[in-house]
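A look at the structure
One letter stands for each residue in the lines below.
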Amino acid sequence: ARRFVALAREAIAARGVFRVALSGGSTPQALYEVLAGAAIDWSSVEFFWSDERFVPAADAQSNEGMARRALLERVGVRHVFPMVAAATPEACAVRYEQLLPEALDLVLLGLGEDGHTASLFPGEPAVHERARKAIAARAPVGVADRITLSPAYINSARLVWFLVSGAGKAQALARVLHGPEDPDATPAQAVARHARAVEFFVDAAALSGL
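Quick notes on the rules
Residues numbered from 1 in each chain as written. Predicted model: local features only at pLDDT ≥ 70, side-chain atom pairs only at ≥ 80, totals over all residues. Heavy atoms only, no water. Helix = DSSP H or I, 4+ residues; strand = E, 2+ residues; numbered from the N terminus. Rg over C-alpha atoms; globule rule 2.2 N^0.38 Å. Buried < 20%, exposed > 50% of the residue type's maximum accessible area, 1.4 Å probe, protein only. Contact = heavy atoms within 4.5 Å. Areas by Shrake-Rupley, 256 points an atom, 1.4 Å probe, with all protein chains shown as cover. Lys, Arg positive; Asp, Glu negative; His and termini not counted. Charge placed at Lys NZ, Arg CZ, Asp CG, Glu CD. Polar contact = N/O pair within 3.5 Å; in protein donor to acceptor, adjacent residues only side chain to side chain. Pairing = 2+ DSSP bridges. Axes fitted to C-alpha atoms, helices over the stretch in contact; angles between N-to-C directions. Patch = residues over 30% accessible without salt bridge, like charges linked within 9 Å, V, L, I, M, F, W, Y side chains within 5 Å. Salt bridge = Lys/Arg side-chain N within 4 Å of Asp/Glu carboxyl O. Phe/Tyr/Trp six-rings, centres within 6.5 Å; stacked < 30°, edge-to-face > 60°.

1. Topic: the overall build of the protein chain
A tally of helices and strands in the protein chain yields 8 helices and 9 strands. Relative to the compact-globule value of 17 Å for 210 residues, the protein chain shows a C-alpha radius of gyration of 16 Å, a close match. Dimensions of the protein chain along its principal axes, counting C-alpha atoms only, are 45 × 40 × 30 Å. Taking all 210 residues of the protein chain together, the buried fraction comes to 50%. The contacts of the protein chain with a sequence gap of at least 6 include a subset with a gap of at least 24, amounting to 74%. Of the roughly 9,000 Å² of accessible surface on the protein chain, a fraction of 52% belongs to carbon and sulfur atoms. In the protein chain, 21 positive and 23 negative side-chain charges are present, and the distance between their average locations comes to 5 Å.

Below, the structure is given as structure tokens:
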């Protein structure tokens, strides 16, 4: 949270705006709840999402809904760009591409036990997308229909964060950092090894596989 505050202040001082893509899950939720008490000029922050399930924001599985409850509604932000705002995942992705800036300041990502990140899943073609900023994607479990930022667009961000916690992520993290290059099997490699700048925030349990 301290690092987030510093990045936001630096971006606002330099460019007048801080553009960040949020992620879902329990680890970033804890971060958002801490940030709700942070001294940031929230009127100068623009919020996007790294990926989203194709469900309404009121749905318990919505990344947007979680972020709104944990942070956005508590600090009164004005610049929020939801991913789900059209009739189909593909239409959502097309619309989102029109809203996204040339590059984001910060993209928050998690890491799944299967090596996925955002909604880039093993064996799915989304991991190879190079031309588009946002695309419709499919998940093998849970809500199948998704919208996700493409690897190429994520990698254009000034900084990418991976927030990784729990022993269940240990083997996936080891593959991301030290395994053979195979983004079809471990999609997070397509970002972790190719983004402009990457930082990992990892707890001891997730480090146990290294």
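Now that the structure is up, let's keep going.
2. A word on the environment of Arg19
Tracing the chain through its elements places Arg19 in strand 1 (residues 18-22). Sequence separation of Arg19 and Val107 is 88 residues, and the distance between their C-alpha atoms is 8.7 Å. Ignoring any residue separated from it by four or fewer positions in sequence, one finds Arg19 in contact with Glu46, Phe48, Pro101, Leu104, Asp105 and Leu106. At 2.9 Å, the side chain of Arg19 and the side chain of Glu46 are in polar contact.

3. Quick look at the sheet that holds strand 8 (residues 160-164)
Spatially, 6 strands are ordered 4-2-1-5-8-9 in an open sheet, and the strand pairing comes out parallel. The open sheet has two free edges, formed respectively by strand 4 (79-80) and strand 9 (198-202), since each of these has just one partner strand. In this sheet, strand 9 lies alongside strand 8 in parallel orientation, the contact comprising 5 bridges. The residue of strand 9 that forms the bridge with Trp161 is Glu199. The strands touched by helix 3 (residues 63-75) are strand 1, strand 2 (45-49) and strand 4; relative to strand 2, the strand with the most contacts, the crossing angle is about 150°.

4. Examining the environment of Val5
With respect to the helices, strands and loops of the structure, Val5 is situated in helix 1 (residues 2-15). Through-space distance from the C-alpha of Val5 to that of Ala39 is 7.6 Å; in sequence the pair is 34 residues apart.

5. Looking at a nonpolar patch on the surface
A contiguous nonpolar surface patch, about 240 Å² in accessible area, is contributed by Leu177, Leu207 and Leu210. Relative to the assigned elements, Leu207 resides in helix 8 (residues 204-207). Residue Leu207 is classed as partly exposed on the basis of its relative accessible area of 39%.

6. Topic: the packing of aromatic side chains
Counting across every chain of the model gives 7 aromatic pairs. Ring geometry for Phe48 versus Phe81: centroids 4.6 Å apart, planes at 10°, classification stacked. In this pair, Phe48 is assigned in strand 2 and Phe81 in the loop between strand 4 and helix 4 (89-99), connecting sequence segments 33 residues apart. Among the residues examined, Phe81 registers a relative accessible area of 21% and is labelled partly exposed. Site record: aromatic cluster; members linked through ring pairs are Phe4, Phe18, Trp161 and Phe201.

7. A few points about the sheet that holds strand 6 (residues 134-138)
The strand order 3-7-6 describes an open sheet built from 3 strands, whose pairing is antiparallel. With partners counted over all chains shown, the strands left at the sheet margins are strand 3 (51-53) and strand 6, one partner each. Each strand axis lies, on average, 25° off the axis of its neighbour in the sheet, ignoring direction. Along the sheet face, helix 4 touches strand 6 and strand 7 (145-149) and points at about 155° away from the line of strand 6.

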